[in-house]
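Structural description and commentary
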Amino acid sequence: MLDLDAEVLSEHIAAITDWLPLQTPPGRIVDLGCGTGAGTFALLDRFPTAHVTAVDSSAEHLQRLRDKARALGLEEHVRTLRADLDGADWPDLGTPDLVWASASMHHMAHPDRALRKVHDTLAPGGLFTVVELAGFPRFLPASAPEDRPGLEERCHAASDQQHAEHVTHRGADWGAMLAAAGFALEAERTLTVSIDGSHNEAVGAYALAGLRRIRGSVAEVLDAEDLAALDRLLDTDSARSILRRDDLAVRTERAVWAARRD
Ligand SMILES: C[S@@+](CC[C@H](N)C(=O)[O-])C[C@H]1O[C@@H](n2cnc3c(N)ncnc32)[C@H](O)[C@@H]1O
């Protein structure tokens, strides 16, 4: 999922790295909750001389990130660090010029504490970039599927209800939280993503993986006919498979905050 997200949204991630309010290219970067490296590699693309410390609690994600770094010949520029950012002991991250956290801050149990830690870690004048999703991307038009229109929204409503208590900081007011942690908020923007998926295999694969994941959390609570329609979409052998549709798109929003340590 993370790799497909990075592939499909690569242009949008590049638009964010281009937009960052930086006077000089950062030498030391930290990617917090780096996953499989969407941000790490986009940042190295933009700032090729930088060194990135990629931090995540998932050993599996970090292994994949290291494999990618090797395949790209970037091992010298990437250091991975396994750490639980909710833990009492914040890892030693040096004094980076830029800290990047994409779709990771809302996972923190105590984001206010994490933001203060980032503030104290950054070099004076350093920049912290928080990227958050407005929600999971939508792929189907509202009229789909023909026998159960609006199915995707109903799946998301059910899934959001299931996850509400686990991911309480999704949609938080990060600008206010950054200011409370001592940052000077320098810039803020929202990117509207709308990608035509009609001739894009990665979009089909992304939609399939996303809806499969959602099925896992909504199967118990979804209306039986909705579940049957969802299963038809997910059945790659079915004529009604999501992979056979020519009306897929990726529609989502990304919000970005750039905050400075004075
Ligand atoms: C939605 S993914 C985003 C990954 C990546 N930043 C991207 O934009 O593709 C969230 C990541 O945060 C990591 N994460 C969640 N809670 C964490 C914690 N307490 N400490 C470290 N990493 C954490 C997860 O393992 C996951 O890789």
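Criteria and thresholds
- Residues numbered from 1 in each chain as written.
- Predicted model: local features only at pLDDT ≥ 70, side-chain atom pairs only at ≥ 80, totals over all residues.
- Heavy atoms only, no water.
- Domains from an automatic or database assignment.
- Buried area = accessible area lost by both parts, 1.4 Å probe.
- Salt bridge = Lys/Arg side-chain N within 4 Å of Asp/Glu carboxyl O.
- Polar contact = N/O pair within 3.5 Å; in protein donor to acceptor, adjacent residues only side chain to side chain.
- Helix = DSSP H or I, 4+ residues; strand = E, 2+ residues; numbered from the N terminus.
- Nonpolar A, V, L, I, M, F, W, Y, C, P; charged D, E, K, R; others polar.
- Near = heavy atom within 4 Å.
- Areas by Shrake-Rupley, 256 points an atom, 1.4 Å probe, with all protein chains shown as cover.
- Core = buried A, V, L, I, M, F, W, Y, C linked by side-chain atoms within 4.5 Å.
- Buried < 20%, exposed > 50% of the residue type's maximum accessible area, 1.4 Å probe, protein only.
- Contact = heavy atoms within 4.5 Å.
- Phe/Tyr/Trp six-rings, centres within 6.5 Å; stacked < 30°, edge-to-face > 60°.

Before going further, it helps to examine the domain arrangement of the protein chain. Its domain assignment divides the protein chain into domain 1 (1–135 + 170–196 + 252–262) and domain 2 (138–166 + 199–246). Centre-to-centre, using C-alpha coordinates, domain 1 lies 29 Å away from domain 2. The contact between domain 1 and domain 2 buries some 820 Å² in all, and 68% of this surface belongs to carbon and sulfur atoms. It is M1, L4 and V8 in domain 1 that bury the most area against domain 2; as a group they hold 55% of the surface buried on that side. At the surface where domain 1 touches domain 2, the tally comes to zero salt bridges. Applying the counting rule to domain 1 against domain 2 returns one residue pair in polar contact (both at pLDDT 80 or more). Elements with a minimum of two residues in the side of domain 1 that touches domain 2: helix 1 (2–8) and strand 6 (184–196). The biggest single contributor to the side of domain 1 that touches domain 2 is helix 1, with four residues. Tallied by class, the residues present in the side of domain 1 that touches domain 2 amount to four nonpolar, no polar and five charged.

Around the ligand, 18 residues are found, and the nearest of them are G33, D56, D84, L85 and S102. Here D86 contributes a side-chain N or O atom positioned 3.5 Å from a nitrogen atom of the ligand. With the chains in place, 85% of the 590 Å² that the ligand exposes on its own is no longer accessible. For the shell around the ligand, the class distribution of residues is seven nonpolar, eight polar and three charged.

Once that is clear, we can look at the nonpolar core. Counting 28 residues, the largest nonpolar core has V8, L230, I242 and V250 as the members making the most contacts within it. Among the elements that take part in this core, helix 8 (residues 201–218) stands out by supplying eight residues, more than any other. Residue-level mapping places this core at the junction of two domains, with at least three residues from each of domain 1 (1–135 + 170–196 + 252–262) and domain 2 (138–166 + 199–246). Beyond its immediate stretch of four places on either side in the chain, L230 contacts L151, C155, L211, R215, V218 and L222. Counting residues in hydrophobic clusters, the runner-up holds 25 residues, among them L85, W90, A101 and V130.

We now examine the packing of aromatic side chains. With the rule as written, the count across this model stands at four aromatic pairs. Ring geometry for F128 against F183: centres 5.6 Å apart, planes inclined by 40°, an arrangement best described as tilted. Of this pair, F128 sits in strand 5 (residues 127–133) while F183 sits in the loop between helix 7 (174–180) and strand 6; the two residues are 55 residues apart in sequence, bridging distant segments of the chain. Classification of F183 by relative accessible area gives buried; the value is 6%. Geometrically, the ring pair formed by F139 and Y206 is edge-to-face, given 5.2 Å between the ring centres and 75° between the ring planes. Of this pair, F139 sits in the loop between strand 5 and helix 6 (151–163) while Y206 sits in helix 8; the two residues are 67 residues apart in sequence, bridging distant segments of the chain. The residues F139 and Y206 share a single accessibility class, namely buried. Put simply, the rings of F136, F139 and Y206 touch in pairs and so form one group of aromatic residues.

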